[in-house]
Amino acid sequence: MAQPKVIVVGGGLAGLMATIKIAETGTPVELFSVVPVRRSHSVCAQGGINASVNTKGEGDSPAQHFYETVLGGDFLANQELPKRMCEAAPSIIYMFDRMGVPFSRTPEGNIDFRRFGGTLFHRTAFAGSTTGQQLLYALDEQVRRYEAEGLVKKYEGWEFLSGVMDDDKTCRGITAINLVTMETRVFPADAVIIATGGCGSVFGRSTNSMICTGSAASSLYQQGAVYANGEFIQIHPTSIPADDKFRLMSEACRGEGGRVWVPRDGKPWYFLEEMYPKYGNLVPRDVASRAIHKVVHDMGLGVDGEPVVYLDLSQLDSKKVTQKLGGIVEIYEKFVGDDPRKVPMRIFPGMHYSMGGMWIDDNHMTNIPGLFAAGEVDYQYHGANRLGANSLLSCVFGGMVSGPEAVKYAKGLSRHTTDMPQEIYDRELKRQKEYNSRVLKMDGKENAHVLHKELGDIMTKNVTIERHNDRLKETDTKILELMERWNNIGVEDESSWANGELVFVREFYNMLQLARVIVVGALARDESRGAHYKPAFPDRNDKDWLKTTKATYTANGPKLDYEPVNIKYHEPKLRNYA
Amino acid sequence: MSKVIRLKVKRRDNPNQAPFWEEFEIPYRPRMNVISVLMEIQRNPKNAKGETVRPVHWESSCLEEVCGSCTMVINGKARQACSALIDHLEQPVTVEPMSKFPIIRDLQVDRSAMFNTLKKVKAWIPLDGSHNLGPGPKMSPELANERYEFSKCMTCGCCCEACPQFKLDGPFMGAFSFGQVHYFNEHPTGKMQEDQRLDAVMDIGGLVDCGNAQNCVAACPKGIPLANAIAELGWDTTKRAFKKLFDE
């Protein structure tokens, strides 16, 4: 049998890990990324990566990590993959250690661990406060080695456009566009792994990178891939709002002793510590964001009357702050101009992470045979709310599972991509080229970037911390209006060289489709669970809603189905961090 | 009259076109950075003369000064556009692409030469495999902290842009690569391949071409102690040269 051909789309932690695992089997990989992979969004992760190594002798264990992950996710996560992930976590840390990641160390020379939200254990390994950057680089370096050996071929600066589906609705490759030459090409493959990350752009401004458009996932959803739990969007409690984005202030700030407060009656009110005495500032993110929302919007206690609360490191030892949080302190200094070692930081919650994503089975395959997904773009692991420092872990673990599974699948095929009629490739390529020509000819009155801002504004206003059915309906109507207006966009750039406008107009259409999945899913779910909070339905309702949302594309909008959650290890319990 | 931000962008649609300057006037808002000004131009692509123009093309991703994408020359200095705050810049703000890398369009350049150099210097630790083989070597907090400084290199190209030796299409590798060699040679496992990396920086375009101007140190947005790496590598390569001489 000829070598199977595997494509990985996305060069963050999940995509790179999958690539390494595939290359280790001797199978060649074609790796696609919109940016040089070393610039992928994983680079932004700050605080750390969870693993119950129990370095501090606190009695921590992978079983405990697993339980807290499931509890943190408000029991919406299927339990099989998170269990395996938590069991694999210590060996994942060790792998990165062997790759040379400069983890912070204990005096004995062991890897140091700090606290993060949703646990009372020191479980988070870290490299200063740029952990994602160091982990990404470590995998990038290993992939570069395979690239030098010829096993990996990188297509950096290529953007995924669509999957190639054969007549049996099996994935047989992809189409992609070169972002400089604008060449659109078809790439046959026996298996495709989508590792394209999150969808922050759907909310306009978020803590995500500009490249996190959700476009690839949305495009595949429109081709029949099921999108699951889209309504579960994590709002990070501590970010710095700005014109261009929300800049993350890591949970590590609170893990190292940072306190959240607002002035009340002339004195600091440490409201998280008062509301949640056991976990204090380290309650999970959904809980912290809701508390901030309440203090600012319901009680009117925002700093100087603005939607701002303080995150305070100024009472901590400034040398320790520099050493353990230097990278983020620097971000605050550079972007705001104040020194967090001296004055409290002014922060507010911002859209951060999508728990939902492409539906996958326990082998990371989507409902489309041959199409796999891993990383933030898949929906497994985090349920209704993700614990801090579990994202790097789930990305790496997802890559470790999906890579070998894709190879296994490809090797087991009775008909390979080489046996497929050329027609299936030609027709998809033609479809994409026609789409590009259509966009280039758009000469309407609307500006795509202005429409994008309108989408982001209404999504941020109505589909983040608090959700009300009337406002969700209003949002869906607005998205439909934006879809209409999309047809009337004028593309100011007709050139066939590095035409970012063409690409953006296509991405934006995909954002609109994905926005509907998020909104329609949220509208239907009349309960509160994890990050999804409806004041009109304030409690979790396991009887009716302990189930996974599955959105399928139809011309009339998302069709929702539900499937039961696998709760074979832990029965749902009340989630209480007080 | 309301306050405006004056921005001059050095533009060209493709590498074959001669560059030209285009001026923009953007309504001022507090705490804007160069990126948010460029975004404003996307939403209203008109130059200072009021003519509709093609939106400015640039490269960006994280906007937190950690991915390296949005590096450009702002008021004469190579830096990241995301952390270039308008309130701290003299106007008109001039923005141009880096000059030491092949131009793609407007503010975007092609930095693939940097990644190829990382290949050449074998900037990795050759793992036996990603399967579980237990933890890596123990390491003192001091060494971990020292290596951490070098691990923050985001291949942005500022050190190359500032370096008198680094030229478009020239052979010089650039200071960042010496930092990376030092980073891997300092690691107990990485040290096992020290000679291979030293040989790479002793090749054409390597360490001997460094004029010791030390512009790189001043230019690095992450404050990476590149001069230390260059000094230590100077010593290591000398030892290596002697060893090779006597071995042959």
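Residues numbered from 1 in each chain as written. Chains lettered and ligands numbered in written order. Predicted model: local features only at pLDDT ≥ 70, side-chain atom pairs only at ≥ 80, totals over all residues. Heavy atoms only, no water.

Some words on the interface of chain B and chain A
Next up, step 1: Across the contact, 73 residues belong to chain B and 69 residues belong to chain A.
Next up, step 2: Surface buried jointly by chain B and chain A totals about 5,900 Å² across both partners, of which 52% is contributed by carbon and sulfur atoms.
Next up, step 3: When the shortest N-O distance is used, the salt bridge between aspartate 493 of chain A and arginine 105 of chain B registers 2.8 Å.
Next up, step 4: If you list the elements that add at least two residues to the side of chain B that touches chain A, you get α1 (34–43), β6 (103–105), α2 (112–120), α3 (141–151) and α5 (175–185) of chain B.
Next up, step 5: Take the side of chain B that touches chain A: its biggest share by element is six residues, from α3 of chain B. (Contact = heavy atoms within 4.5 Å. Buried area = accessible area lost by both parts, 1.4 Å probe. Salt bridge = Lys/Arg side-chain N within 4 Å of Asp/Glu carboxyl O. Helix = DSSP H or I, 4+ residues; strand = E, 2+ residues; numbered from the N terminus.)

So, the packing of aromatic side chains
All names here are of chain A.
Next up, step 1: Applying the stated criterion across every chain, the model contains 20 aromatic pairs over all chains.
Next up, step 2: With a centroid separation of 5.8 Å and an interplanar angle of 85°, the aromatic rings of phenylalanine 66 and tyrosine 569 are classed as edge-to-face. Of this pair, phenylalanine 66 sits in helix α2 (residues 62–72) while tyrosine 569 is found in the segment after β21 (559–564), placing the two residues 503 residues apart along the sequence.
Next up, step 3: Residue class for tyrosine 569 comes out partly exposed when judged on its relative accessible area of 33%. (Phe/Tyr/Trp six-rings, centres within 6.5 Å; stacked < 30°, edge-to-face > 60°. Buried < 20%, exposed > 50% of the residue type's maximum accessible area, 1.4 Å probe, protein only.)

As for the domain arrangement of chain B
Residues and elements named next belong to chain B.
Next up, step 1: With domains assigned, chain B is organised as domain 1 (4–109) and domain 2 (112–126 + 135–247).
Next up, step 2: Contact residues are listed per partner, giving 15 residues for domain 1 and 15 residues for domain 2.
Next up, step 3: Summing the contributions of domain 1 and of domain 2, the shared interface buries around 1,200 Å²; its carbon and sulfur component is 56%.
Next up, step 4: Counting the surface domain 1 buries against domain 2, the share from its top three residues, Glu65, Lys100 and Phe101, is 48%.
Next up, step 5: Counting across the interface, domain 1 meets domain 2 through seven residue pairs in polar contact (both at pLDDT 80 or more).
Next up, step 6: Of all elements in the fold, only β3 (71–74) and β4 (77–80) reach the threshold of two or more residues within the side of domain 1 that touches domain 2.
Next up, step 7: If you tally residues by element for the side of domain 1 that touches domain 2, the top one is β4, at four residues.
Next up, step 8: Residues belonging to the side of domain 1 that touches domain 2 are distributed by class as follows: seven nonpolar, four polar and four charged. (Domains from an automatic or database assignment. Polar contact = N/O pair within 3.5 Å; in protein donor to acceptor, adjacent residues only side chain to side chain. Nonpolar A, V, L, I, M, F, W, Y, C, P; charged D, E, K, R; others polar.)

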